[in-house]
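# Per-entry structural report
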Amino acid sequence: MKKTWWKESVVYQIYPRSFQDSNGDGIGDIPGIISRLDYLQKLGVDVIWLCPVYESPNDDNGYDISNYRGIMDEFGTIEDWERLLDGLHSRGMKLIMDLVVNHTSDEHAWFVESRKSKDNPYRDYYIWRDGKDGQEPNNWASIFSGSAWKYDETTEQYYLHLFSQKQPDLNWENEKVRREVYDLMTWWLDKGIDGFRMDVINMISKVEGLPDGEGESKYKDGGKYFMNGPRIHEFLQEMNREVLSKYDVMTVGETPGVSPEEAALYVGEDRGELSMVFQFESMDIDSGPGGKWYVTPWKLLDFKRIMSKWQTELDGKGWNSLFLNNHDQPRMVSRFGNDGQYRKESAKMLGTLLHTMQGTPFIYQGEELGMTNVKFATIEEYQDIETHNMFKEHREAGRSVEDIMASIYSKGRDNARTPMQWDATEHGGFTTGTPWLVVNPNYKEINAEEALADPDSIFHYYRRLIELRKQHEVLVYGKYELLLEDHEHIYAYTRTRGDERLLVILNFFADPVTFELPASVGYRSYERLIGNYELPEGTRLEQLELRPYEAQVLRLR
Ligand code: NOJ
């Protein structure tokens, strides 16, 4: 695969609202981020992905944008943002911005105009339809519960909103909309940013006629009519031609529901679309038939199958992104590891996995500290709109509060959004005021100050993982081969490039287990590159007793 800087980078995701407050209003802000740049540099990450900082009424914490060229008051000013960009660049780091253009806020000037009259010049910027027999134009469910349509009295039509009612979908069929998007992208690129993370970018092209979805519930999943729609690749190629190809940037598309075959169309090296996409197959692994809120236990065999499929099917064709959590997902140590007795061991084991696969690793803020999920006693303490809408809908359908709270404890987005835990002072050093979302009560034990002072911490382990990728090209580009495919407790694989060969061994559970090296993997000697337990001198690999959540990365000779 062609070598590029973004394949060799490690990205760190910042959710600005929860990162660092600088003015005591309880909300993270850009000056707060600037005050933590040395911390990020110490970790060694190359690129920062900044979740939306644009003007927004915050119905969905900035994913509802009312002005693409302005900074949200609570976060600071454009001058603050420029200082952030300079601060990153002067430390040798890059910045990618969130591009949210499947929808805007209903308070965006385009929508304010659009809803005024049917002949308004902005009417066709959005998707307006007549109702059908006194009902919504079709039966699609919003991803945030209820119908995906909202009736607007002024013009007696409905508008489409795949997310909240305050997030009307843009009409990408309208060339003027596409021009507007390319212009705003160019505006930010000319300021010197290094790329974009593109919010639900595979939803921008909808099937003509917006056909009804199928399913049991009142409002139905219309995904197959708005995900990977008929013109998606045409739009992205146009965007690339008009904008992206003129800059040396990285792009990562958020693409729920995409298979490796489809992903190859988005990221194929010769297709002129995106650098990489986020796949969600591994994130759906514990969803029951009723969807994400009906949690079922995940199995390592499924996890290995999914991860391996993406590793092998994109190899030689396009690039992978690597992540196990973000601002929409529960904390990875609580979900795939053990956030009790083996928190440190399991967080390091999962980090080892992410940094030893082919692709670009994404670290979500606090992951490097092993931050965990949270359990607030009541729904009132939660802030997320998705969580609140779901609570209401499931209550109306008769589900018990206890049951719903259990779903929120394992899947709610606020698990990831509790403020960064910087030190053991009140509110974890995040704010001197009242935080917008309560800090996880475990901040006294789990915080950055403690991690920086402990040479054996998850933070320092991550620092070494990031360094290793810089030293061994095989970690970035090497070919991946799964070992022990049917083992239910161990995840093991090799990475090979030229005559460099690495063996990665991971015990995914708390029970000790014996690793037996397959005969196909011969070696004379090995060098241990990293691991979360010491390996006594002279340990042979033919039969290795793995301790709880043990991870070892070995270079074979
Ligand atoms: C995906 C984003 O990651 C999520 O936070 C947001 O709510 C939706 N897209 C809508 O923009």
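The structure we're discussing is the one just above.
This write-up is about the structure you can find in this document.

Parameters and conventions
Residues numbered from 1 in each chain as written. Predicted model: local features only at pLDDT ≥ 70, side-chain atom pairs only at ≥ 80, totals over all residues. Heavy atoms only, no water. Near = heavy atom within 4 Å. Polar contact = N/O pair within 3.5 Å; in protein donor to acceptor, adjacent residues only side chain to side chain. Areas by Shrake-Rupley, 256 points an atom, 1.4 Å probe, with all protein chains shown as cover. Nonpolar A, V, L, I, M, F, W, Y, C, P; charged D, E, K, R; others polar. Phe/Tyr/Trp six-rings, centres within 6.5 Å; stacked < 30°, edge-to-face > 60°. Helix = DSSP H or I, 4+ residues; strand = E, 2+ residues; numbered from the N terminus. Buried < 20%, exposed > 50% of the residue type's maximum accessible area, 1.4 Å probe, protein only. Lys NZ or Arg CZ within 6 Å of the ring centre and 35° of its normal. Pairing = 2+ DSSP bridges. Axes fitted to C-alpha atoms, helices over the stretch in contact; angles between N-to-C directions. Core = buried A, V, L, I, M, F, W, Y, C linked by side-chain atoms within 4.5 Å. Contact = heavy atoms within 4.5 Å. Expected span 1.5 Å × (residues − 1). Right-handed = clockwise from strand over helix to strand, strands pointing away.

A few words on the site of the ligand. Surrounding the ligand, one finds 14 residues, the nearest of these being Asp-60, His-103, Asp-199, His-327 and Asp-328. In this structure, an oxygen atom belonging to the ligand sits 3.0 Å away from a side-chain N or O atom of Arg-413. Surface burial for the ligand is 98%, taken as the share of its 290 Å² of free accessible area covered by protein chains. Looking at the shell around the ligand residue by residue, the class counts come to 4 nonpolar, 3 polar and 7 charged.

How two aromatic rings sit relative to each other is given by the distance of their centres and the angle of their planes. Tallied over the entire structure, the rule returns 38 aromatic pairs. Ring geometry for Tyr-39 versus Phe-459: centroids 5.2 Å apart, planes at 40 degrees, classification tilted. Placement of Tyr-39 in helix α2 (residues 37–43) and of Phe-459 in helix α16 (residues 458–471) is noted, with a sequence separation of 420 residues between them. Just as Tyr-39 is buried, Phe-459 falls in that class too. Between the aromatic rings of Tyr-342 and Tyr-549, the centroid separation amounts to 5.8 Å while the plane-to-plane angle is 45 degrees, which identifies the pairing as tilted. Highlighted residues: Tyr-342 in the loop between α10 (332–335) and α11 (343–355) and Tyr-549 in the loop between β21 (543–546) and β22 (551–556), separated in sequence by 207 residues. As far as the burial class goes, Tyr-342 and Tyr-549 line up, both buried. Here Arg-17 stacks its cationic end above the ring of Trp-436, 5.0 Å away from the centre of that ring. When the ring centre of Trp-5 is taken as origin, the NZ or CZ atom of Lys-94, which lies over that ring, is 4.6 Å away.

Below, the discussion takes up the sheet that holds strand β10 (residues 250–254). Pairing in this closed barrel of 8 strands is parallel, and the strands run β1-β2-β5-β9-β10-β11-β14-β15 around the ring. Direction aside, the axes of adjacent strands within the sheet are offset by 25 degrees on average. Judged from the 2 bridges that link them, strand β11 (residues 276–278) and strand β14 (residues 319–322) form a sheet pairing that is parallel. Bridge assignment links Met-276 to a residue of β14, and that residue is Trp-319.

Within the largest apolar cluster, 150 residues are counted, with the highest numbers of intra-cluster contacts made by Tyr-12, Trp-81 and Phe-303. Dropping the residues within four chain positions of it, Phe-303 is found in contact with Ile-285, Trp-298, Leu-324, Phe-336, Leu-353, Tyr-491 and Phe-508. In terms of nonpolar packing, the next biggest core, distinct from the first, is built from 16 residues, Ala-492, Leu-503, Val-521 and Leu-556 among them.

Regular strands place side chains that alternate from one sheet face to the opposite one. Note that strand β16 (residues 479–483) and strand β17 (residues 490–497) share 5 bridges and pair antiparallel. Directly across from Leu-483, in β17, lies its bridge partner Ala-492. Where β16 hands over to β17, the hairpin turn is made up of 6 residues, of which Leu-484 adopts a positive phi near 45 degrees.

Our next topic: unusual backbone geometry. Even without glycine at this site, Asn-228 takes up a positive phi of about 55 degrees. Not every positive phi belongs to a glycine, and His-427 is a case in point at roughly 55 degrees. Mapped onto the elements, His-427 comes out in the loop between α14 (414–417) and α15 (448–453).

This part covers the sheet that holds strand β6 (residues 128–129). Overall, antiparallel pairing links the 3 strands, which are arranged β6-β8-β7 in an open sheet. Every interior strand has two partners, whereas the edge strands, β6 and β7 (149–152), have only one. Two elements, β6 and strand β8 (residues 157–160), share 2 bridges in a ladder whose sense is antiparallel. When the sheet's bridge partners are listed, Trp-128 is paired in β8 with Tyr-159.

It is worth spelling out helix α9 (residues 300–314) at this point. The end-to-end C-alpha distance of α9, which contains 15 residues, comes to 21 Å, matching closely the 21 Å that a straight helix rising 1.5 Å per residue would cover. For α9, the set of buried residues is Leu-300, Phe-303, Lys-304, Ile-306, Met-307, Ser-308, Trp-310, Gln-311 and Leu-314. Buried residues in α9 make contact with α8 (260–267), β14, α11, β16 and β17.

Quick look at the pairing of β10 now. For β10, a buried count of 5 out of 5 residues is recorded, marking the element as mostly surrounded by other parts of the structure. The alternating pattern of β10 places Met-250, Val-252 and Glu-254 and Thr-251 and Gly-253 on opposite faces, both of which are buried. As defined by bridge partners, β10 adjoins β11 across 3 bridges and the pair is classed as parallel. By the bridge assignment for β11, Gly-253 is matched with Val-277. Handedness of the crossover is the feature at issue here: the chain leaves β10, passes through α8, returns alongside β11, and the resulting connection is right-handed.

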